[in-house]
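Letter by letter, the chains look like this.
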Amino acid sequence: MKPIFFIDYDNTIFSHQTWQIPESTLCALEQLQKDGYKLVIASGRAFRNNSLPEEFQGRITPDCLVSANGAIVEIEGKLVKEKYFDKDLQRRILDYVVEKNYCLLSGQGNDWCTSSIERFKEIASPKQQQLLPKSGDAYKALYEKQIPSMFLADTKEAIADVQEHFPETKLLYMGDELGGADMIPKENGKVKGAKCVMDYYHASWDDIIAIGDSMNDIELIQAAGFGIAMGNAMDEVQEAADYVAKHIDQNGFADAVSKAREEIAKR
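In this structure, what is going on with the overall build of the chain? I would like to understand it.
Along the chain, the regular secondary structure elements total 9 helices and 13 strands. Scaling as 2.2 N^0.38, a compact globule of 267 residues should have a C-alpha radius of gyration of about 18 Å, and the chain matches this with 18 Å. Seen through its C-alpha atoms, the chain measures out along the principal axes to roughly 55 × 35 × 35 Å. The proportion of buried residues among the 267 residues of the chain is 55%. Partitioning the intrachain contacts of the chain with sequence separation of at least 6 by distance along the chain shows that 59% fall at a separation of at least 24. Summing over all exposed atoms, the chain offers an accessible surface of approximately 11,900 Å²; the carbon and sulfur share of this is 46%. If you average the places of the 30 positive and of the 43 negative side-chain charges in the chain, the two averages end up 4 Å apart.

Set out below in structure tokens:
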């Protein structure tokens, strides 16, 4: 079978410098699908098939989604997995970040809310502030919602503190450029979500090509038959990869795909 591409979204497809998807990336994604490769968007964001990023401009429809760091899996438009935070753990986390005045973000699609709008305004970049998260009652409503993942948009010290306080979670640092950390139940992760897709297509890890940039990608990059780190990836991710592509804003994704095609041709 043809290899399956598992591709991160933020700072792999979508640039946080330009706040858009490079045209060369869109072209590379389109060509992969035209050539019969399966595309899986493996993101920390809680994407759904009916709420794909508007930046895809109707040009890209992934074959599968591994969203919220593996908590949600959709294959060919069908939901096959949902795994949420335990309710008691969720409540304790929501309480703790308020007590410590940390900036926690949660939401689905483009609707976000935060534990502290004041803290968000202190630390968010002008681009990140375009998220316009809600607070107050919107945050309180999270206590009753099913949450697959959260984002701690705060300092490394805050991330370390929350990780120590909640060992039943994983906090995955997103790098100095983006900052903050994805927060997921310890048993979740992109590798777990990828396994659902692999089982569906009867694929092995040798059939997988993974492309990413942050700590929520590293396990998938290590497990894949061929793992690629973007040139803007964290050092740890680059060290774990089989190939380091150019920076996202220097046609890095197109470079990653070109290298992947070279490797496929050798098989």
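Looking at this structure, I do not really get the layout of surface pockets. What am I missing?
Empty space among the atoms can be located by rolling a probe the size of a water molecule over them. What the largest pocket holds in volume is close to 900 Å³. Lining of the largest pocket is provided by 42 residues; of these, D10, H16, R45, W112 and L131 occupy positions nearest its centre. Elements with a minimum of two residues in the lining of the largest pocket: β6 (104–108), α3 (117–123) and β8 (150–152). Counting residues per element, the lining of the largest pocket draws most heavily on β6, at 4 residues. Of the residues that constitute the lining of the largest pocket, the class distribution is 19 nonpolar, 16 polar and 7 charged.

Even after reading the chapter, I still don't get empty space enclosed by the protein, so can you show me in this structure?
Applying the stated criterion to the full structure yields 1 cavity of 30 Å³ or more. The wall of the largest cavity is formed by N49, P62, D63, C64, L65, E74, E76 and G77. A class-by-class count of the residues in the lining of the largest cavity yields 3 nonpolar, 2 polar and 3 charged.

Honestly, helix α2 (residues 87–100) in this entry has me stumped. Any pointers?
It helps to recall that an α-helix has 3.6 residues per turn; residues three or four apart then point in one direction. Compared with an ideal rise of 1.5 Å per residue, which puts 14 residues at 20 Å, α2 spans 20 Å between its outermost C-alpha atoms and is within 8% of the ideal. Trailing α2 by a residue or two, N101 shows a phi angle of about 55°, which is positive.

I tried to follow the pattern of salt bridges on my own but got confused; where do I start?
When the charged atoms of two side chains with opposite charge come close together, those side chains can pair. Scanning all chains against the criterion turns up 20 salt bridges. The salt bridge involving D10 is made with R45; its shortest N-O contact spans 2.6 Å. Taken together, the residues D10 in the loop between β1 (4–7) and α1 (23–34) and R45 in the loop between β2 (38–42) and β3 (64–67) connect sequence positions 35 residues apart. Using a relative accessible area of 12% as the deciding quantity, one classes D10 as buried. Salt bridges linked by common partners bring D88, R91, R92, D95 and E168 together as one network.

Conventions and cut-offs
Residues numbered from 1 in each chain as written. Predicted model: local features only at pLDDT ≥ 70, side-chain atom pairs only at ≥ 80, totals over all residues. Heavy atoms only, no water. Helix = DSSP H or I, 4+ residues; strand = E, 2+ residues; numbered from the N terminus. Rg over C-alpha atoms; globule rule 2.2 N^0.38 Å. Buried < 20%, exposed > 50% of the residue type's maximum accessible area, 1.4 Å probe, protein only. Contact = heavy atoms within 4.5 Å. Areas by Shrake-Rupley, 256 points an atom, 1.4 Å probe, with all protein chains shown as cover. Lys, Arg positive; Asp, Glu negative; His and termini not counted. Charge placed at Lys NZ, Arg CZ, Asp CG, Glu CD. 1 Å grid on protein atoms, 1.4 Å probe; cavity = no way out; pocket = protein on both sides within 12 Å on 5 of 7 lines; lining within 4 Å. Points joined across faces, edges and corners; volume = space filled by probe spheres on them. Nonpolar A, V, L, I, M, F, W, Y, C, P; charged D, E, K, R; others polar. Expected span 1.5 Å × (residues − 1). Salt bridge = Lys/Arg side-chain N within 4 Å of Asp/Glu carboxyl O.

All quantities given are derived from atomic positions and should not be read as evidence of function.
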